[in-house]
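Breakdown of the fold
Residues per chain are reported as follows:
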Amino acid sequence: MELQASYIQIVALALFTIGLAVTLTRRNVFFVLMGIELALNAVNLSLIGFAKTLPAAASVAGQILPLFTIAVAAAEACVGLAMIILIFKSQESVDIDNYSNMKG
Amino acid sequence: MIPLWLIPLFPLVGTIVLAIIALSSSDSKQGPAESITGAVAVLFPILSFLSVVTLSVGMPVEGIRGTIGTWIDTAAIQVNIGFLFDGLSRVMLLFITGIGSLIAIYSVGYMHKDRSFARFFAYINLFLFSMTILVLGDSLLLTFLGWEGVGLCSYLLIGFWHTDLKNTKAGNKAFIVNRVGDVGFLLGMLCLVSIGGSALLSYDALNAWLLNALSLGSISNAMPLLSLAGLLFFFGCTGKSAQIPLLTWLPDAMAGPTPVSALIHAATMVTSGVYLLARLSNLFVLIPAVLNIVLFVGLLTAFWAAIAGLFQNDIKKVLAYSTISQLGYMFMAAGVAAFDVSIFHVFTHAFFKAALFLGAGAVIHSLTGEQDMRRMGGLLKKMPLTSLVMIFGFLAIIGFPGFAGFWSKDLILERLYVSGPMGPYVYAIALLTAVITAVYMGRLIIMTFFGKYRGSKENEAHIHEAPASMLIPMLLLSVGSAFAGFLWAGLIPGAEFFREMLAPVVGAAQSYAMLGHTAAHLSPWIFAALGTLAAIIGMLIAWYLFMRPVPEAKGGSEPQGFGASWTFAFDKLHEYVGIIPTKVVAWLLDVVVNTIIMKAQWLTGGIIEILGDGIRAFQVRKVRLQAALSFIGMALITILVLIYGGLL
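Bear in mind the structure is a predicted one, so any value in this text is a computation, not a measurement.

Before going further, it helps to spend a moment on the overall build of chain B. A tally of regular secondary structure across chain B gives 26 helices and two strands. Taking the principal axes of the C-alpha coordinates as reference, chain B spans close to 105 × 70 × 50 Å. Out of the 648 residues in chain B, the part that is buried amounts to 53%. Taking as baseline every contact in chain B between residues at least 6 positions apart, the subset at least 24 positions apart corresponds to 82%. Here chain B has roughly 27300 Å² of accessible surface; of this, 71% comes from carbon and sulfur atoms. One way to put it: in chain B the 35 positive side-chain charges average out to a point 8 Å from where the 30 negative ones average out.

Below you can see the structure in the form of structure tokens.
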């Protein structure tokens with residue numbers, strides 16, 4: 001049986017929802033970051049899934065694009081982690097709800 | 001038949017080996033063993049010379065061509081790494097590698113006990129590599145690679161003793177002034193590319209294109225760009241070959257070690273401009289207006305530098321100005337489309353000027369670095385062989401009958417006279433310059449070798465003849481400066497070997513330039529007699545003027561008074577035309593523009609800060625709540641777009 005494109009979308013949607021839920025419910029800042037990463041990768045997966053439905057030439061382009069996204073995401077994760085470490089140093093807390101003193 | 005790429009390969013290998021030796025011994029105090037380093041340093045130039053000789057013997061008339069690969073392969077430009085070994089590059093390569101080998105041997109003696117022994121020879125080998133690439137390249141772009149390479153080596157070697165600020169400044173000056181000329185070369189190439197694509201950068205293709213356009217009559221369309229290209233190439237040549245207006249770097253370049261002055265700043269590198277003119281002879285004969293400029297610039301340079309040579313007290317500076325003056329002669333010859341004669345003068349000049357420089361180097365070496373001629377004198381008895389070499393070089397440069405310079409200078413003067421309506425006037429000035437040449441060179445010989453010794457006592461104690469490794473190259477070069485001229489002795493029927501060698505390359509161009517000229521028929525003996533007379537009159541003037549006690553040396557060796565203003569006229573010109581405007585622009589950028597930009601930056605930063613302060617008020621206390629809100633907002637937008645189909 002061939003892998004249906006819609007199944008990939010279902011998996012991607014499930015991953016995205018999990019990621020979003022983690023982001024919104026967890027208080028530990030590292031889990032929040034993980035959730036964001038998960039959601040991002042779900043989007044990548046979704047992109048590949050849609051690319052699969054296209055004719056071969058365009059399909060390849062769609063499948064390559066996530067590679068670049070992953071590369072950029074890796075860089076972004078570095079920056080994100082570095083920022084979190086700096087925030088952690090100044091706040092001495094990993095609770096994201098404590099990071100609210102930017103307002104005045 | 002051995003492949004062409006061996007010729008540049010040998011010096012390149014030498015450079016790499018010597019660089020490794022120099023780097024690996026950089027921590028030790030002693031430096032690498034001079035015997036091994038010296039052997040490597042001399043071996044590779046000699047191998048290169050031997051391959052040139054081997055190739056020269058069996059060369060067919062049309063030359064040898066060899067491509068070793070693709071260099072640049074883009075849609076706009078395609079250039080191959082190809083070599084062209086024909087009559088012109090053969091002559092150039094023979095004396096470049098030959099004299100290069102001799103000077104490498106000489107340097108082993110001269111640089112004895114210098115801590116940077118290996119570094120010096122790495123540079124020399126790199127120079128020979130670049131110079132062979134320059135001459136051997138079959139396209140302008142490859143020639144440009146060598147052109148830049150020799151410029152770099154010139155810079156490195158002028159500032160070789162880099163602990164002295166004066167030397168590094170001289171190196172910088174040479175490099176920067178050369179860059180100005182190089183811009184001309186680059187733009188010239190650009191002109192050619194815009195006429196007919198990158199194919200025209202290859203010499204063969206350029207010649208074929210010019211011939212084709214000439215026969216079709218379509219050349220007149222391209223004429224403005226061709227003239228511009230020729231002018232720009234000539235501007236490049238004035239930089240490399242130290243002609244007006246870019247000549248100020250060459251006298252300063254004497255800060256380098258003397259073998260470097262002999263090899264780079266007299267025999268080989270500075271003549272690459274003349275080489276380029278001869279190589280592009282087919283282009284230049286089509287644009288006689290530019291050739292007239294070449295003639296005029298050459299004439300002016302030769303005369304100006306000859307006068308400047310009279311005022312110098314530094315023995316190497318005299319030789320530097322005489323080099324500029326002789327280069328002026330070469331450009332004059334090229335200016336009347338006598339390219340073979342100009343290359344012949346390059347050839348003979350390489351011998352006698354290298355001999356003169358090496359002789360001067362031996363004098364400086366034995367006087368432990370004294371370069372001021374007012375502190376020399378009477379060295380004839382103490383250094384007889386060196387004096388002999390110098391006197392041979394002297395007789396050659398003033399054009400004493402039979403010596404190398406006589407034949408080539410005589411041919412130049414003759415071609416100048418018959419070149420056209422302006423010929424006799426140009427000839428007269430060139431002949432006057434020859435007289436002045438004899439005067440200042442006579443002054444050099446008299447002040448150095450005759451009279452009484454005027455230097456310090458401690459130097460006098462150890463004046464000695466140079467060691468064998470220095471003497472043998474000097475003597476070989478002095479033999480060359482005596483006999484090299486017989487390769488094309490205009491007065492002896494049949495002795496035209498040199499002209500015949502160059503004829504396949506420049507012959508067609510020259511006969512085109514002579515088209516419609518009715519050459520004045522004068523006996524070559526008249527020119528020879530007048531040239532000889534000029535040399536003898538000059539010598540007599542020098543004898544009368546300078547065979548008397550020399551005033552005691554005070555202060556530096558720079559000329560004073562009128563001499564200084566004449567010598568540094570072009571430095572002044574550069575000051576006003578180049579340096580001061582650049583400084584003004586730099587000041588404008590630094591103070592005015594920079595301030596404006598900084599103010600603009602502060603303004604932008606200030607606005608953002610104020611805005612940020614305002615927006616901060618909107619922050620919700622809980623980060624997660626905020627993320628959820630932004631997600632809901634995003635979802636709402638998506639739903640709206642879905643409903644209204646993006647028509648919102």
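Right, picking up where we left off after that structure.
We now examine the overall build of chain A. Looking only at helices and strands, chain A features three helices and zero strands. Secondary structure of chain A in N-to-C order comes out as α-α-α. At 17 Å, chain A has a C-alpha radius of gyration far larger than the 13 Å of a compact globule built from 104 residues. Along the longest, intermediate and shortest principal axes, the C-alpha atoms of chain A span 55 × 25 × 25 Å. Here chain A holds 104 residues, and the buried ones make up 29% of them.

To continue, consider empty space enclosed by the protein. Residue and element names in this part refer to chain B. Applying the stated criterion across every chain yields a total of one cavity of 30 Å³ or more. Computed from the structure, the largest cavity encloses a volume of approximately 60 Å³. Taken together, Ile398, Gly399, Phe406, Lys409, Asp410, Leu413, Ala434, Gly531 and Ala534 form the lining of the largest cavity. When contributions to the lining of the largest cavity are tallied by element, the ones reaching two or more residues are α18 (404-417) and α23 (524-546). Each residue belonging to the lining of the largest cavity can be placed in one class, and the counts come to five nonpolar, two polar and two charged.

It is worth spelling out helix α1 (residues 6-24) of chain B at this point. Residue and element names in this part refer to chain B. In this model α1 runs 27 Å from its N-terminal to its C-terminal C-alpha over 19 residues, within 8% of the 27 Å that 1.5 Å per residue would give. Of all the residues in α1, the buried ones are Leu6, Ile7, Pro8, Phe10, Pro11, Gly14, Thr15, Leu18 and Ile21. The inward-facing, buried residues of α1 contact α2 (34-57), β2 (78-85), α3 (87-110) and α4 (117-136).

Before going further, it helps to examine the packing of α1(B) against α4(B). Residues and elements named next belong to chain B. α4 packs onto α1 with a crossing angle of 160 degrees between their chain directions and a minimal axis gap of 8 Å. As far as their axial angle goes, α4 and α1 are roughly antiparallel. Where α1 crosses over α4, the handedness of that crossing is left-handed. Residues Ile7, Pro8, Pro11, Leu12, Gly14, Thr15, Leu18, Ala19, Ile21 and Ala22 of α1 form the contact with α4, whose participating residues are Ala118, Arg119, Phe121, Ala122, Asn125, Leu126, Leu128, Phe129, Thr132, Ile133 and Leu136.

This part takes up the domain arrangement of chain B. Its domain assignment divides chain B into domain 1 (1-138), domain 2 (139-567) and domain 3 (587-644). One C-alpha centre belongs to domain 1 of chain B, the other to domain 3 of chain B, and the line joining them spans 61 Å.

Next up on the list: the environment of Glu370(B). All names here are of chain B. Structurally, Glu370 can be placed in the loop between α15 (339-366) and α16 (379-382). Residues Glu370 and Val150 lie 220 residues apart in sequence; the distance between their C-alpha atoms is 28 Å. Residues in contact with Glu370, not counting those within four places in the same chain, are Ile364, Arg375, Met376 and Asn459.

What follows covers the packing of aromatic side chains. Residues and elements named next belong to chain B. Here the structure, examined in full by the defined rule, presents 29 aromatic pairs over all chains. Their ring planes at 65 degrees and their centres at 6.0 Å tell us that Phe160 and Trp161 sit as a pair that is edge-to-face. With relative accessibility at 31%, the residue Trp161 sits in the partly exposed group. Centroid distance Tyr417 to Tyr427: 5.3 Å. Interplanar angle 80 degrees. Geometry classified as edge-to-face. Residue Tyr417 is found in helix α18, and its partner Tyr427 is found in helix α19 (residues 423-449); the two are separated by 10 residues along the sequence.

Our focus in this paragraph is the pairing of β2(B). Residue and element names in this part refer to chain B. As judged from the eight bridges shared by strand β1 (residues 64-73) and β2, these two strands associate in the antiparallel manner. Each residue of the ladder has a partner; that of Asp73, found in β2, is Gln78. Here β1 folds back onto β2 in antiparallel fashion, the turn holding four residues.

Turning our attention to the confidence of the model for chain A. When pLDDT is averaged along chain A, the result is 86; 94% of the residues meet or exceed 70. Summarising per-element confidence for chain A, the mean pLDDT is lowest in helix α3 (residues 56-91) of chain A (88) and highest in helix α1 (residues 5-25) of chain A (92).

Now for the packing of helix α13 (residues 288-310) of chain B against helix α14 (residues 315-335) of chain B. Residue and element names in this part refer to chain B. Direction vectors running N to C along α13 and α14 enclose 160 degrees, while the axes themselves pass 7 Å from each other. By the angle class used here, α13 and α14 are roughly antiparallel. Crossing handedness for the pair α13 and α14: left-handed. In contact with Leu291, Val294, Leu295, Gly298, Leu299, Thr301, Ala302, Trp304, Ala305, Ala306, Ala308 and Gly309 of α13, α14 contributes Val318, Tyr321, Ile324, Ser325, Gly328, Tyr329, Phe331, Met332, Ala334 and Gly335.

Moving on, we come to the pattern of salt bridges. A side chain of one charge can pair with a side chain of the opposite charge if their charged atoms are brought near each other. Residues and elements named next belong to chain B. This structure, assessed with the given rule, holds 13 salt bridges over all chains. Of the charged contacts in the structure, one is a salt bridge between Arg179 and Asp182, with a shortest N-O distance of 3.7 Å. Placement of the pair is Arg179 and Asp182 together in helix α6 (residues 165-196), with a separation of three residues, close to one helical turn. Taken together, the salt bridges that share partners define one network made up of Glu370, Asp372, Arg374 and Arg375.

All names here are of chain B. The space that makes up the largest pocket amounts to roughly 940 Å³. Taken together, 42 residues make up the lining of the largest pocket; nearest its centre are Lys166, Met254, Ala255, Asp314 and Gln371. Taken together, the elements giving at least two residues each to the lining of the largest pocket come down to α6, α9 (249-252), α14 and α15. Element by element, the count of residues in the lining of the largest pocket is highest for α6, at five residues. Among the residues making up the lining of the largest pocket, the classes are represented as 14 nonpolar, 14 polar and 14 charged. The two domains that each donate at least three residues to the lining of the largest pocket are domain 1 (1-138) and domain 2 (139-567).

All names here are of chain B. Look at the link from Ile244 to Pro245: it is a cis peptide, with omega at 10 degrees. Among the secondary structure elements, Pro245 is positioned in the loop between α8 (219-240) and α9. In the Ramachandran plot, Ala242 falls in the positive-phi region, its phi being about 55 degrees despite a non-glycine side chain. With respect to the helices and strands, the residue Ala242 is situated in the loop between α8 and α9. Residue classification places Ala242 among the buried positions, given a relative accessible area of 0%. The phi torsion at Thr368 lies on the positive side, around 45 degrees, for a residue other than glycine. Within the element layout of this structure, Thr368 appears in the loop between α15 and α16.

Turning to its location among the elements, Thr132(B) is positioned in helix α4. Those residues in contact with Thr132(B) that lie beyond four places of it in its chain are Ile7(B), Pro8(B), Leu93(B), Thr97(B) and Gly137(B).

In this section: the environment of Gly563(B). Residue and element names in this part refer to chain B. Summarising the element assignment, Gly563 is placed in helix α24 (residues 561-567). Exposure remark for Gly563: the relative accessible area of 5% places this residue in the buried category. Put simply, Gly563 and Met422 are 141 residues apart on the chain and 30 Å apart in space, counted from C-alpha to C-alpha.

Right, let's talk about the confidence of the model for chain B for a bit. Residues of chain B with pLDDT of at least 70 account for 98%, and the chain-wide mean is 89. At the level of chain-chain contacts, confidence expressed as ipTM amounts to 0.77, with global pTM at 0.80.

Rules used throughout
Residues numbered from 1 in each chain as written. Chains lettered and ligands numbered in written order. Predicted model: local features only at pLDDT ≥ 70, side-chain atom pairs only at ≥ 80, totals over all residues. Heavy atoms only, no water. Helix = DSSP H or I, 4+ residues; strand = E, 2+ residues; numbered from the N terminus. Buried < 20%, exposed > 50% of the residue type's maximum accessible area, 1.4 Å probe, protein only. Contact = heavy atoms within 4.5 Å. Areas by Shrake-Rupley, 256 points an atom, 1.4 Å probe, with all protein chains shown as cover. Lys, Arg positive; Asp, Glu negative; His and termini not counted. Charge placed at Lys NZ, Arg CZ, Asp CG, Glu CD. Rg over C-alpha atoms; globule rule 2.2 N^0.38 Å. 1 Å grid on protein atoms, 1.4 Å probe; cavity = no way out; pocket = protein on both sides within 12 Å on 5 of 7 lines; lining within 4 Å. Points joined across faces, edges and corners; volume = space filled by probe spheres on them. Nonpolar A, V, L, I, M, F, W, Y, C, P; charged D, E, K, R; others polar. Expected span 1.5 Å × (residues − 1). Axes fitted to C-alpha atoms, helices over the stretch in contact; angles between N-to-C directions. Parallel < 35°, antiparallel > 145°, perpendicular 65-115°, else oblique. Left-handed = near helix turned anticlockwise from the far one by under 90°. Domains from an automatic or database assignment. Phe/Tyr/Trp six-rings, centres within 6.5 Å; stacked < 30°, edge-to-face > 60°. Pairing = 2+ DSSP bridges. pLDDT = per-residue confidence, 0-100. Salt bridge = Lys/Arg side-chain N within 4 Å of Asp/Glu carboxyl O.

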